[in-house]
Amino acid sequence: MNIGLISIVPETVPVTSHSLIVLKNFGKLKKHKHSITIKKFFCENDKNEILNRILSGNFEIIGFSSYLWNSKLIKWLAAKIKEINKNIFIIVGGIQLSTEPEKTLLENPGIDIVIQGEGEIPFYNVIDNLASKKYCFQDIKNVCFRDENGDIKRNSKDDLMKLDDINYTLTMDNEDELEIVSYESFRGCIWSCRYCAWGELNKVRFYSEEKVMADLEYIFSLPKLRTLAFVDSNFFIYKKRALKFLKYMNSLNEKRKQERYPLIFPYFETNAESLDDDLIDELLKFPYDFKEGKFLKFGLQSSDKDTLKESNRRFNLEKFKSNYNKIINKGLKEVSVEIICGLPGDTLEKYKKTLDFLISDLNVEYFQSYFFSIVPGSYFWYHAGDYGLEFEKEAPHNIIQSNSFSKEDLCEADKLSYYLQLIYQSMKRIKRFVDKKVEKDKMKLYEKIIDFIYNNYKEYFCPSRHCSDNSIGKDLRRMVTPEYQKIKMDIINGAIDIIKNYNE
Ligand SMILES: C[S@@+](CC[C@H](N)C(=O)[O-])C[C@H]1O[C@@H](n2cnc3c(N)ncnc32)[C@H](O)[C@@H]1O
Ligand code: SF4
């Protein structure tokens, strides 16, 4: 059968979904010699162009992997594809559209089947069923479908399989051209932060060390590759394993040097507490080049103990600080720290303290604030009522207000995070002046600077819901244009006046 797997990611995450690569290479599926093509798109692409390019594949079956950033588009595409050719069979998976699969089918007649949980086995079974023209899915675990009367049925879930039973051999399309790939060395998470669906749904399972090392060898043979983005929940939790892989990657980079291939930088989003001296020393051997991006992202989320406790986020502030400082002091400067704006139990005052912790205590160079999104399948999704969480109906389900955060306070927190990020990313001169003027309580001074920018220049920046990568990204791109250069200079000069006249 001619099968299309569709990957749609934001421009800020320019990498094909690893789960689709595994699905394409899944041994059982491969044996049947179906034609399987992965088509890649960005969420920012014109949706009609995406539609036309998908249709040009003449697929009989189309599979979409949904996430917060693409589910609205997938629903639109499924409806359009069905309108144009009702014989194309459409399968969706991924947490966003499979947490409430009946609702997805009810509201989206274009979608034929929703797969819940890990996709490999149910996807294979559905394809096998369609290839043999049976069209009855009641014996396939982990799927939700319409029966012959059009009634929606959800089958029971299967036990999670051992990862090595997935038996896939890693290969990629356009091997010689790839500059960035993603990879997962284990599935699941040992923690269960309540804002995240990762630990809530998946118990930890590993690919064998031999399998991961074979995959790394393949990845490190790709001639143009620069970035290897690990999408593990926390690569460093299993120290011995992580250390072995880091060492192996460093040795593979040595080989690349001899072959005159560009060296590869691994990228991790992780919890800083999981690192230790050995891991840090091995990380420092990678020739990180920060013109290429931030390669370590540490999830802090909040500096407030009670907010973290409410989120069931295990956290040791001292260890976080000490590991962060160790990395920075050893020379790995451009690490980014991530926080969440609007968590249950948090308030505007506590959130300002988190921002202050970032810029005064940690003295970060880079940070990212995400607006709290109520992720389908997460604890907070199921217990939203307990916290008075009111959130947007459409993905990414951003928080509107909660018992602890009023709408007005969220707007204020959003504004502060947005302008602080703009300053940190594109007006570093202001940061340098602030750092010289004050060591502690920097946020108080930044509030004055942000008020000045907001009151005089807000029309030049994104008007609402600031804390999304996209709006900041767009504004940052605009800020290099000649018109913005002038505004930027005016802002910097105004800010410097405020700093000079500031008395603590
Ligand atoms: C993919 S997560 C994984 C991070 C890593 N496992 C950790 O625990 O630090 C990356 C970042 O996304 C952000 N994030 C996760 N869930 C979120 C949510 N529900 N709303 C907003 N941001 C979220 C957090 O800042 C987190 O550090
Ligand atoms: S935020 Fe990180 S540590 Fe917490 S459950 Fe999600 S993946 Fe695991």
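Undergrad: Lay out the pairing of strand β14 (residues 336-341) in plain terms, naming residues and giving numbers.
TA: Relative to β14, strand β13 (residues 296-301) runs parallel, the two being bridged by 4 bridges. Its bridge partner being in β14, Gly-299 is matched across the sheet by Glu-338. The β-α-β motif built from β14, the intervening helix α14 (residues 348-361) and the parallel element strand β15 (residues 366-371) has right-handed crossover chirality.

Undergrad: Break down the environment of Lys-488 for me, with residues and values.
TA: Along the polypeptide, Lys-488 turns up in helix α20 (residues 482-500). According to the C-beta neighbour criterion, Lys-488 is partly exposed, with 19 such atoms within 10 Å. Counting along the chain gives 257 residues from Lys-488 to Val-231, while the straight-line C-alpha distance between them is 36 Å. Apart from the residues within four sequence positions on either side, Lys-488 is in contact with Met-427 and Met-479.

Undergrad: I'd love a proper account of the sheet that holds β14, names of residues and values included.
TA: Read across the sheet, 6 strands follow the order β8-β11-β12-β13-β14-β15 without closing on themselves; strand pairing throughout is parallel. At either margin of the open sheet sits one strand with a lone partner, and together these are β8 (180-183) and β15. With direction set aside, neighbouring strand axes in the sheet form an average angle of 20°. Note that β14 and β15 share 6 bridges and pair parallel.

Undergrad: Let's hear about the site of ligand 1: which residues, and what values?
TA: Taken together, 15 residues lie around ligand 1, and Tyr-195, Gly-299, Glu-338, Tyr-370 and Ser-373 are the ones closest in. The set of elements that each furnish at least two residues to the shell around ligand 1 consists of β12 (265-270), β13 and β14. Here the residues of the shell around ligand 1 are counted per class, giving 6 nonpolar, 7 polar and 2 charged.

Quick notes on the rules
Residues numbered from 1 in each chain as written. Chains lettered and ligands numbered in written order. Predicted model: local features only at pLDDT ≥ 70, side-chain atom pairs only at ≥ 80, totals over all residues. Pairing = 2+ DSSP bridges. Helix = DSSP H or I, 4+ residues; strand = E, 2+ residues; numbered from the N terminus. Right-handed = clockwise from strand over helix to strand, strands pointing away. Buried ≥ 20, exposed ≤ 12 C-beta atoms within 10 Å, placed from the backbone. Contact = placed C-beta atoms within 7 Å. Axes fitted to C-alpha atoms, helices over the stretch in contact; angles between N-to-C directions. Near = placed C-beta within 6 Å. Nonpolar A, V, L, I, M, F, W, Y, C, P; charged D, E, K, R; others polar.

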